[in-house]
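# Geometric and topological summary
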Amino acid sequence: MGVQCYSCSVVDGVGDPGCADPFNSEGIRTEYCTNGCKKDTDTKNGREIGVVRSCWDRSAPCSDECQSFDGNTECVYCCAGNLCNGGGALSASFFAIPIAAIVAASLQSAI
């Protein structure tokens, strides 16, 4: 099982301009990925300096959160749906899906 993911990068305005947020998929390459998709954003002092959209290699950690250091913030998001790494916030997170299922099961048993 696999998915199609956007594959692009832009750093300090160099690369695929449509890859930055807000995302413009026109002309952006896609690729088949076996594990899912990933979006990695880097900001410095609140200004976006880089975005990479790619396949997610499950050997690399994906915590769906941001890490900050020295005015820089890196956010890594992973998802499981076709072309899910195109939006600003990824809706089909590998971590959000199991949590939503647990909450739904808990609510169902409480009724």
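These remarks concern the structure in this document. From a predicted model like this one, the values you see are computed outputs, not experimental measurements.

Looking now at the state of the cysteines. One covalent bond between the sulfur atoms of two cysteine residues makes up a disulfide. Counting across every chain of the model gives five disulfides. Residue Cys8 pairs covalently with Cys19 via a disulfide, S to S 2.2 Å. Its torsion about the S-S bond being 75°, the disulfide of Cys8 and Cys19 is classed as right-handed. Here Cys8 is found in strand E2 (residues 8–11), whereas its partner Cys19 is found in the loop between strand E3 (14–15) and strand E4 (30–33), with eleven residues between them in sequence. This pair shows no difference in class: Cys8 is buried, exactly as Cys19 is.

Sheet analysis places strand E7 (residues 65–69) next to strand E8 (residues 72–79), joined by five bridges and oriented antiparallel. Considered in E8, the bridge of Glu65 is made with Val76. Two successive antiparallel strands, E7 and E8, enclose a turn made up of two residues, where Asp70 displays a positive phi of approximately 50°.

Attention now moves to the packing of aromatic side chains. Throughout the structure, instances matching the rule amount to one aromatic pair. Ring plane angle 65° and centroid distance 4.8 Å describe the contact between Tyr6 and Phe23, whose orientation is recorded as edge-to-face. In this pair, Tyr6 is assigned in strand E1 (residues 3–6) and Phe23 in the loop between E3 and E4, connecting sequence segments 17 residues apart.

It is worth spelling out unusual backbone geometry at this point. Of all residues except glycine, most have a negative phi; of all peptide bonds, most are trans. Here the residue pair Asp21 and Pro22 is connected by a cis peptide bond, since its omega of 0° sits within 30 degrees of zero. Considering the arrangement of structural elements, one finds Pro22 in the loop between E3 and E4. Backbone geometry places Asp12, a non-glycine residue, at a positive phi of 50°. Assignment of secondary structure puts Asp12 in the loop between E2 and E3.

Quick notes on the rules
- Residues numbered from 1 in each chain as written.
- Predicted model: local features only at pLDDT ≥ 70, side-chain atom pairs only at ≥ 80, totals over all residues.
- Heavy atoms only, no water.
- Disulfide = S-S within 2.5 Å.
- Helix = DSSP H or I, 4+ residues; strand = E, 2+ residues; numbered from the N terminus.
- Buried < 20%, exposed > 50% of the residue type's maximum accessible area, 1.4 Å probe, protein only.
- Pairing = 2+ DSSP bridges.
- Phe/Tyr/Trp six-rings, centres within 6.5 Å; stacked < 30°, edge-to-face > 60°.

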